[in-house]
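Summary of structural features
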Amino acid sequence: MSRVIVVTSGKGGVGKTTTTANLGMALATRGHLTVVVDADFGLRNLDLLLGLENRVVYTALDALAGNCRLEQALVKDKRQPKLALLPAAQNRTKESVTPQQMKQLVKALSSRYEYILIDCPAGIEMGFRNAIAAANEAIIVTTPEIAAVRDADRVIGLLEAGGVKTIRLIVNRLRPAMVQANDMMSVADVQDILSVPLLGVVPDDEQVIVSTNRGEPLVLQENPSMAGQALLNVARRLDGETVEFLDLTNVNKGFLARLRQLLGGK
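Residues numbered from 1 in each chain as written. Predicted model: local features only at pLDDT ≥ 70, side-chain atom pairs only at ≥ 80, totals over all residues. Heavy atoms only, no water.

1. Points about the overall build of the chain
Check the secondary structure of the chain and you find twelve helices and eight strands. Taken against the 2.2 N^0.38 rule, which gives 18 Å for 266 residues, the C-alpha radius of gyration of the chain at 18 Å falls within 12% of a compact globule. Each of the three principal axes of the chain carries a C-alpha extent, and together these read 70 × 40 × 30 Å. A burial count over the chain gives 51% of its 266 residues as buried. A sequence separation of at least 24 residues applies to 76% of the contacts in the chain between residues at least 6 apart. Only carbon and sulfur atoms are counted for the fraction: they give 49% of the accessible area of the chain, which is about 12,300 Å². Here the chain contributes 30 positive and 28 negative side-chain charges, whose respective centroids are spaced 3 Å apart. (Helix = DSSP H or I, 4+ residues; strand = E, 2+ residues; numbered from the N terminus. Rg over C-alpha atoms; globule rule 2.2 N^0.38 Å. Buried < 20%, exposed > 50% of the residue type's maximum accessible area, 1.4 Å probe, protein only. Contact = heavy atoms within 4.5 Å. Areas by Shrake-Rupley, 256 points an atom, 1.4 Å probe, with all protein chains shown as cover. Lys, Arg positive; Asp, Glu negative; His and termini not counted. Charge placed at Lys NZ, Arg CZ, Asp CG, Glu CD.)

Structural data, given as structure tokens:
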């Protein structure tokens, strides 16, 4: 049975699309037939992060409208043949697709792919409802900022109400030095608020910008940066492995320092 995983957050700009692209590539590299679905109709970006923008001919909407076969809308990645992209249409709105149609697409993909990763648009309107309609798992991506965490908390409630029970967390763009200085929430702070299992912690990394601009996922690097390695580890955990979290120095010190203060320690 396929695993249908929606990657969501509520707040925009926290790294959902980067996460989807890298996890899709990492899972395919591990030998799994994987498809990444861009559910952000009107603002397509997943193709850019994978470097496949020049190969998009048909979109998910074309397949739904009968203008092409679903197979024709899928863009195969030449670097990793087990990875495919189902792109969104740029010239249509999120209201152009219904949750029932998303279920129809995912059902068709389920017959041939082991992992279906759905890149959810920002917000909690129609685009969000479409993206979660067929999902049986969710990955919440948040940065350690109060606005992003609050939005993530709201989304977790909506996912649970929508019947998605397996929900896990990725804390993205963590800056250990800022955590140490009590200028940024720690991983423990975020977990304490959201109360969902931690799947990964990805440090802030300039290589993400380079990777995005080149259309080359971090996980393809011969010597992955810290962020790339963190995302590879997330894929391994999704695949059932027990993998220790990277040693991000002082990542929880902000929380522990406050705890010691509360307990009267030094």
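Next comes the rest of the write-up.
2. Overview of the sheet that holds strand E5 (residues 115-119)
Taken together, the eight strands give an open sheet; going across it, the order is E3-E4-E2-E5-E1-E6-E7-E8, and neighbouring strands pair in mixed fashion. Of all the strands in the sheet, just strand E3 (75-76) and strand E8 (198-203) have a single pairing partner and so form its edges. As paired strands, E3 and strand E4 (residues 83-86) are joined by two bridges and run antiparallel to one another. Pairing of Lys76 across the sheet is with Ala84, part of E4. Against the sheet, helix H5 (residues 99-110) makes contact with strand E1 (3-8), strand E2 (34-38), E4 and E5, and its axis sits at roughly 150 degrees relative to E5, the strand it touches most. Strands E1, strand E6 (137-142) and strand E7 (166-174) of the sheet are contacted by helix H7 (residues 146-161), whose axis makes an angle of about 170 degrees with E6. (Pairing = 2+ DSSP bridges. Axes fitted to C-alpha atoms, helices over the stretch in contact; angles between N-to-C directions.)

3. Quick notes on the UniProt feature "binding site: ATP" (unreviewed entry) in the chain
Under the local residue numbering, the UniProt record ascribes the feature "binding site: ATP" (unreviewed entry) to Lys11, Gly12, Gly13, Val14, Gly15, Lys16, Thr17 and Thr18. Considering only the annotated residues already named, the ones lining the largest cavity are Thr18. Among the structural elements, Gly13 can be located in the loop between E1 and helix H1 (16-29). Summarising the element assignment, Thr18 is placed in helix H1. On the accessibility criterion, Thr18 (17% relative accessible area) is buried. Once residues within four sequence positions are removed from consideration, Thr18 is found in contact with Leu49, Val208 and Thr212. (UniProt positions renumbered as here; feature names shortened; annotations may be inferred. 1 Å grid on protein atoms, 1.4 Å probe; cavity = no way out; pocket = protein on both sides within 12 Å on 5 of 7 lines; lining within 4 Å.)

4. A closer look at the confidence of the model for the chain
In this model, the chain carries a mean pLDDT of 91, and residues with pLDDT of at least 70 account for 92%. Segment residues 250-262 is flagged for pLDDT under 50; beyond a separation of four residues in sequence, or across chains, it makes 21 contacts in the model. (pLDDT = per-residue confidence, 0-100.)

5. As for empty space enclosed by the protein
Tallying each qualifying case throughout the model produces one cavity of 30 Å³ or more. Approximately 30 Å³ is the volume attributed to the largest cavity. Broken down by secondary-structure element, the contributors of at least two residues to the lining of the largest cavity are H1 and helix H10 (207-214). Considering each element in turn, the lining of the largest cavity owes the most residues, three residues, to H1. Taken together, the residues that form the lining of the largest cavity break down as three nonpolar, four polar and no charged. (Points joined across faces, edges and corners; volume = space filled by probe spheres on them. Nonpolar A, V, L, I, M, F, W, Y, C, P; charged D, E, K, R; others polar.)

6. Notes on the packing of H7 against helix H9 (residues 187-194)
Put simply, H7 and H9 touch, their axes get as near as 10 Å, and they point 35 degrees apart. Pair H7 / H9 crosses with right-handed handedness. Residues Val149, Ala152, Asp153 and Ile156 of H7 pack against Val190, Ile193 and Leu194 of H9. Among the residues making up the contact of H7 with H9, the classes are represented as six nonpolar, no polar and one charged. (Left-handed = near helix turned anticlockwise from the far one by under 90°.)

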